[in-house]
Amino acid sequence: MIERLKKYCGCISPSGCEDEIRELIIQDIQQIATRYEVDRMGNLIAFKKGRKTPDKKVVVSAHMDEVGLMVKYISDEGYIYFDPIGGIDPRVVGGRRVVIGDKRIYGVVASKAIHLQKKKERGMVVPLEEMYIDIGCDDKKSCEEVVSVGDVATFVPNFEEFGDGLIKSKAIDDRFGCALLVELMQEELEYDTYFAFVTCEEVGTDGAKQVAFNLRPDIAIAIEATTAGDVLGAPKSRYACELRKGAVISHIDGSTIYDKKLVEYALATAQENNIKCQLKNVIAGGNDASAYQRTAAGARVLAVSAPTRYIHSASNVVCKDDLFEIKKLVLALLQKGF
Amino acid sequence: MERIFELACAFSELPAVSGQEHIGMERVAELCKGYFDSYEVTSVGSFIGRISCGKAGAKTLLLDAHIDEIGFIVSEICEGGFLKVVNIGGIDPRILPASEVLIYGKKTITGIFTSKPPHLQEKDELEKPMKLEDLAIDTGYSKEQLEEIVSIGTPVGYRSPVVRLQNNAIAGKSFDDRICAVSILRALEMLKEKELPVNIAVQFSGGEETGYKGATTASYQIAPDFAICLDVTNAYVPDAPAYRKDIKMGGGPSISFSAQTSRKLTIKAVETAKKNGIPHQLFAEPNHTGTNSGAIQTSRGGVPTVLVSIPLKNMHTANEVVMLSDVYDTSRLICELALSLKEGI
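Residues numbered from 1 in each chain as written. Chains lettered and ligands numbered in written order. Predicted model: local features only at pLDDT ≥ 70, side-chain atom pairs only at ≥ 80, totals over all residues. Heavy atoms only, no water.

**Comments concerning the overall build of chain B**
- Scanning chain B from N- to C-terminus turns up eight helices and 17 strands.
- Oriented by its inertia axes, the alpha-carbon framework of chain B measures out at about 70 × 45 × 35 Å.
- For chain B, the residues scored as buried account for 65% of the 345 residues in total.
- Accessible surface for chain B amounts to roughly 12800 Å². Of this, 50% is attributable to carbon and sulfur atoms. (Helix = DSSP H or I, 4+ residues; strand = E, 2+ residues; numbered from the N terminus. Buried < 20%, exposed > 50% of the residue type's maximum accessible area, 1.4 Å probe, protein only. Areas by Shrake-Rupley, 256 points an atom, 1.4 Å probe, with all protein chains shown as cover.)

Structure, rendered in structure tokens:
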């Protein structure tokens, strides 16, 4: 799973531009899926036949897109102004490296030297609309030869294991979910199951809405990366979740109140199988579960997430063991059935 | 230019946070192999290399670039494997959240600066200045494991392998002032076939970012007759003071007029650039130049010094940007100026 995650994290696929990651996933599932299709929104929906056909239609879902930037304006000096794609904290953008467009042009989000800052500027976060990317061009014309308005950019791929069993990379949110779904599809499944690799989660769970409408699942399980607040100085009551404590199950987040019975079923399954699992203790964030819950006649929803530090930044940080626990839990749920 | 890029990659990644240059010195000596007749590493973290011109009574030209870099040192090892650090030299905290660093402990490990999760941020937080004290470095180890690897005082530096941008621009860490060390070595390559009129001493000085101590002591030791101090200078960027508008990327080395340099040698440098068609720009900084030039100029009985700077953007960040052509032109200027010194100044 870790090698696959690395491969997936290397894609430049922000919301609305999921082609690269989707191609990789298709290569990986075409031999193991019973059938698959790409819908009009770019969602990839795969079906895997199990030993039995269940009464309830179950979909496991992960989003392919990542947060990124879009080129908005190229100045006379050849600097590139941008808007964020999805929610990005301006504090993690200043001074970072990005890669732009299909030509994979490297750029640096400029940050004025401390020597040139006025006293009142010191330490003050620059709003995203005032930041610009420097690709080394010194005029608009030369810049426009390689970059165009509408091109998308992401943080530079930087997947690496570090510390005691941790991984850092851009886009672990939610390439982890994608990698996990493919791993699950490699198993002999007890029941027929749908696997949805959806688009545009970061801009409003847009892809999942279409999947939910077309598929009409009874049960939807979102596999996500969720913010872990277990950083130095944060109060434990505000951690949301912690690294090394296993799969995160949410009762409630910023956009969904999860199906109580499914939550209890997941917790019981974890306990039965000795799988590490924790409850999210902060009401924040949101994911594709909200789309599945509310589309058409709705579905019962569950989210199983990887605790992730510094989400939506150049370096998401997760613990490998947490990822393995999540795989065990979701597989146990699928094999038991609903 | 390819040679410059190669050297830039090697010099950029040297671990030499100001005051702890010794960590990178072995590698510096390796990179300098073949350039000098003799070399030594001083007790305060400078590298000195010497080339003799073989002429009796020849004068000595000093070429200076500082080898130290800004960075951090560990101030506390905390629960959960986080490190608190203090800055060494001027650091802008705004570029740190979620950025990568290398921690030069018993082994070198990766760290990530923390960024506060959105749900823990207060509403008016963006209105307040960011401070280094509010951040920590996530190492991925437990406190106990970490205590085996690092201690209070362990140096920490940016991690930012060099990449190429458009138009022969490159981005990386610590081009301040390693890119000038590169320009010196490239100049020595250009001088290799030439007959030197003077002895050359090179000092890759330590401790510039924290008070010029390497240049002060190495210059004393070398006792040169004149010096070229090489550093980087802020190129104009949007919203920078207007007087920087003529410091342009790609415009060649900037030659400074200052009370901390020799006017005579400065004019000679400008004339040499003109005579040889080397692109260059002029900069006026009458008082402190914020470089080693003052320390070198006032060494012993005084050393006529010229300050030559390579234009750079995003100074002191993990993505300093320079242009290879500016480095090359700086090497040419060093080379021609050294050759012109046969008549003295």
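**Concerning the layout of surface pockets**
- Estimates place the volume of the largest pocket at around 600 Å³.
- Around the largest pocket sit 37 residues that line it, and Thr227, Gly285, Ile311 and His312 of chain A together with Pro118 of chain B are the ones nearest its centre.
- Listing elements by their share of the lining of the largest pocket, those giving two or more residues are β13 (219–227) and β16 (300–308) of chain A.
- With four residues, β13 of chain A is the largest single contributor of residues to the lining of the largest pocket. (1 Å grid on protein atoms, 1.4 Å probe; cavity = no way out; pocket = protein on both sides within 12 Å on 5 of 7 lines; lining within 4 Å. Points joined across faces, edges and corners; volume = space filled by probe spheres on them.)

**A few points about the domain arrangement of chain A**
Residue and element names in this part refer to chain A.
- Split into domains, chain A comes out as domain 1 (2–66 + 170–336) and domain 2 (68–155).
- The C-alpha centroid of domain 2 is placed 31 Å from the C-alpha centroid of domain 1.
- The interface of domain 1 with domain 2 comprises 13 residues on the first partner and 13 residues on the second.
- Both faces combined, the contact of domain 1 with domain 2 buries some 1000 Å², and carbon together with sulfur accounts for 69% of it.
- Per-residue buried area on domain 1 facing domain 2 is highest for Ile12, Pro14 and His312; these three make up 44% of the total on that side.
- Where domain 1 packs against domain 2, one counts one salt bridge.
- In this structure, Glu20 and Arg104 form a salt bridge, with 2.5 Å as the shortest nitrogen-oxygen distance.
- Our enumeration of links across domain 1 and domain 2 arrives at two residue pairs in polar contact (both at pLDDT 80 or more).
- In terms of residue class, the side of domain 1 that touches domain 2 is made up of five nonpolar, four polar and four charged. (Domains from an automatic or database assignment. Contact = heavy atoms within 4.5 Å. Buried area = accessible area lost by both parts, 1.4 Å probe. Salt bridge = Lys/Arg side-chain N within 4 Å of Asp/Glu carboxyl O. Polar contact = N/O pair within 3.5 Å; in protein donor to acceptor, adjacent residues only side chain to side chain. Nonpolar A, V, L, I, M, F, W, Y, C, P; charged D, E, K, R; others polar.)

**Some points on the sheet that holds strand β7 (residues 105–109) of chain A**
Residue and element names in this part refer to chain A.
- The strand order around the closed barrel built from six strands is β4-β5-β8-β7-β6-β9, with neighbouring strands paired in antiparallel fashion. Each strand of the sheet is rotated relative to its neighbour by a mean of 45°, with strand direction disregarded.
- Pairing of strand β6 (residues 97–100) with strand β9 (residues 152–155) involves three bridges; the strand directions are antiparallel. Bridged to Ile100 within β9 is Ala153. (Pairing = 2+ DSSP bridges. Axes fitted to C-alpha atoms, helices over the stretch in contact; angles between N-to-C directions.)

**Re helix α5 (residues 206–215) of chain A**
Residue and element names in this part refer to chain A.
- For α5, the full list of buried residues reads Gly207, Ala208, Val211, Ala212 and Leu215. Mapping the buried residues of α5 onto a view down its axis gives an arc of 135°, with all of them on the same face.
- Elements in contact with the buried residues of α5: β2 (44–48), β3 (58–63), β12 (193–198) and α7 (289–294). (Arc of directions from axis to C-beta.)

**Examining the environment of Ile149 of chain B**
Residue and element names in this part refer to chain B.
- Of note, Ile149 is situated in helix α3 (residues 143–149).
- Residue classification places Ile149 among the buried positions, given a relative accessible area of 10%.
- With 46 residues separating them in the primary sequence, Ile149 and Ile103 have C-alpha atoms 9.3 Å apart.
- Apart from the residues lying within four places of it in its own chain, the contact partners of Ile149 are Gly105, Lys106, Lys107, Ile109 and Tyr141.

**Focus on the domain arrangement of chain B**
Residue and element names in this part refer to chain B.
- Split by domain assignment, chain B resolves into domain 1 (2–69 + 173–343) and domain 2 (71–158).
- The centre of domain 1, based on its C-alpha atoms, is set 32 Å off from the matching centre of domain 2.
- Contact residues are listed per partner, giving 12 residues for domain 1 and 13 residues for domain 2.
- Taking both sides of the interface into account, the surface hidden between domain 1 and domain 2 amounts to around 990 Å²; carbon and sulfur atoms contribute 68%.
- The largest per-residue losses of area from domain 1 upon contact with domain 2 belong to Val17, Gln20 and His316, which jointly make up 43% of the total buried on that side.

**Examining the pattern of salt bridges**
Residues and elements named next belong to chain A.
- One pass over the structure, following the stated rule, counts 46 salt bridges over all chains.
- Put simply, Lys52 and Glu190 hold a salt bridge, and the shortest N to O gap is 2.8 Å. In this pair, Lys52 is assigned in the loop between β2 and β3 and Glu190 in the loop between α4 (172–185) and β12, connecting sequence segments 138 residues apart.
- Judged by its relative accessible area of 41%, Lys52 is partly exposed.

**Concerning the interface of chain B and chain A**
- At the junction of the two partners, chain B supplies 62 residues and chain A supplies 62 residues.
- Each partner contributes to the roughly 4900 Å² buried at the junction of chain B and chain A, and carbon and sulfur atoms together form 57% of this total.
- Contact with chain A buries area across many residues of chain B, yet Arg94, His119 and Gln166 of chain B alone supply 15% of it, more than any other trio.
- At the surface where chain B touches chain A, the tally comes to five salt bridges.
- Of the charged contacts, one joins Glu125 of chain B and Arg91 of chain A as a salt bridge, the two residues approaching to 3.2 Å between their closest N and O atoms.
- Across the contact surface, chain B and chain A share 27 residue pairs in polar contact (both at pLDDT 80 or more).

**Details of the packing of helix α1 (residues 2–9) of chain A against α4 of chain A**
Residue and element names in this part refer to chain A.
- Axis separation between α1 and α4 bottoms out at 9 Å; the angle between their running directions is 135°. Our classification of the angle between α1 and α4 gives oblique. Pair α1 / α4 crosses with right-handed handedness. Facing α1, whose interface residues are Arg4, Leu5, Tyr8 and Cys9, α4 presents Ile172, Arg175, Phe176, Cys178, Ala179, Val182 and Glu183.
- Partitioned by chemical class, the residues of the contact of α1 with α4 number eight nonpolar, no polar and three charged. (Parallel < 35°, antiparallel > 145°, perpendicular 65-115°, else oblique. Left-handed = near helix turned anticlockwise from the far one by under 90°.)

**Some details on the packing of aromatic side chains**
Residue and element names in this part refer to chain B.
- The final tally for this structure, using the stated rule, is 13 aromatic pairs over all chains.
- Arranged with centres 6.1 Å apart and planes meeting at 80°, the rings of Phe72 and Tyr158 form a pair that is edge-to-face. Of this pair, Phe72 sits in strand β4 (residues 71–78) while Tyr158 sits in strand β9 (residues 155–158), placing them 86 residues apart in sequence. For the pair formed by Phe72 and Tyr158, the shared burial category is buried.
- In textbook terms, an aromatic cluster arises when at least three aromatic residues are bridged by ring pairs, as seen for Phe11, Tyr35, Phe36, Tyr39, Phe47 and Phe204.
- In this structure, Lys192 packs its charged tip against the face of Tyr35, placed 5.4 Å from the ring centre. (Phe/Tyr/Trp six-rings, centres within 6.5 Å; stacked < 30°, edge-to-face > 60°. Lys NZ or Arg CZ within 6 Å of the ring centre and 35° of its normal.)

**Observations concerning a negative patch on the surface**
- Taken together, the side chains of Asp76, Glu77, Asp138 and Asp139 of chain A present a region of like negative charge at the surface.
- One can find Asp138 of chain A in the loop between β8 (132–134) and α3 (140–144). (Patch = residues over 30% accessible without salt bridge, like charges linked within 9 Å, V, L, I, M, F, W, Y side chains within 5 Å. Lys, Arg positive; Asp, Glu negative; His and termini not counted. Charge placed at Lys NZ, Arg CZ, Asp CG, Glu CD.)

**Some details on the packing of helix α6 (residues 263–275) of chain B against helix α8 (residues 324–340) of chain B**
Residues and elements named next belong to chain B.
- For the pair α6 and α8, the least separation of the axes is 9 Å and the interaxial angle reads 115°. The orientation of α6 relative to α8 falls into the category roughly perpendicular. The handedness of the crossing between α6 and α8 comes out as right-handed. Taken together, the residues of α8 that come into contact with α6 (itself represented by Lys268, Ala269, Thr272 and Ala273) are Leu333, Glu336, Leu337 and Ser340.
- For the contact of α6 with α8, a count of residues per class yields four nonpolar, two polar and two charged.

**Digging into the nonpolar core**
- Counting residues in hydrophobic clusters, the biggest one holds 72 residues, and the most contacted among them are Ile25, Phe176, Phe195, Phe197, Tyr292 and Val304 of chain A.
- The contact partners of Phe195 of chain A, leaving out residues within four places of it in the chain, are Leu44, Ile45, Ala46, Lys48, Val60, Leu181, Leu184, Met185, Leu189 and Leu334 of chain A.
- In this structure, Met25, Phe36, Ala240 and Met315 of chain B belong to the second largest nonpolar core, which totals 71 residues. (Core = buried A, V, L, I, M, F, W, Y, C linked by side-chain atoms within 4.5 Å.)

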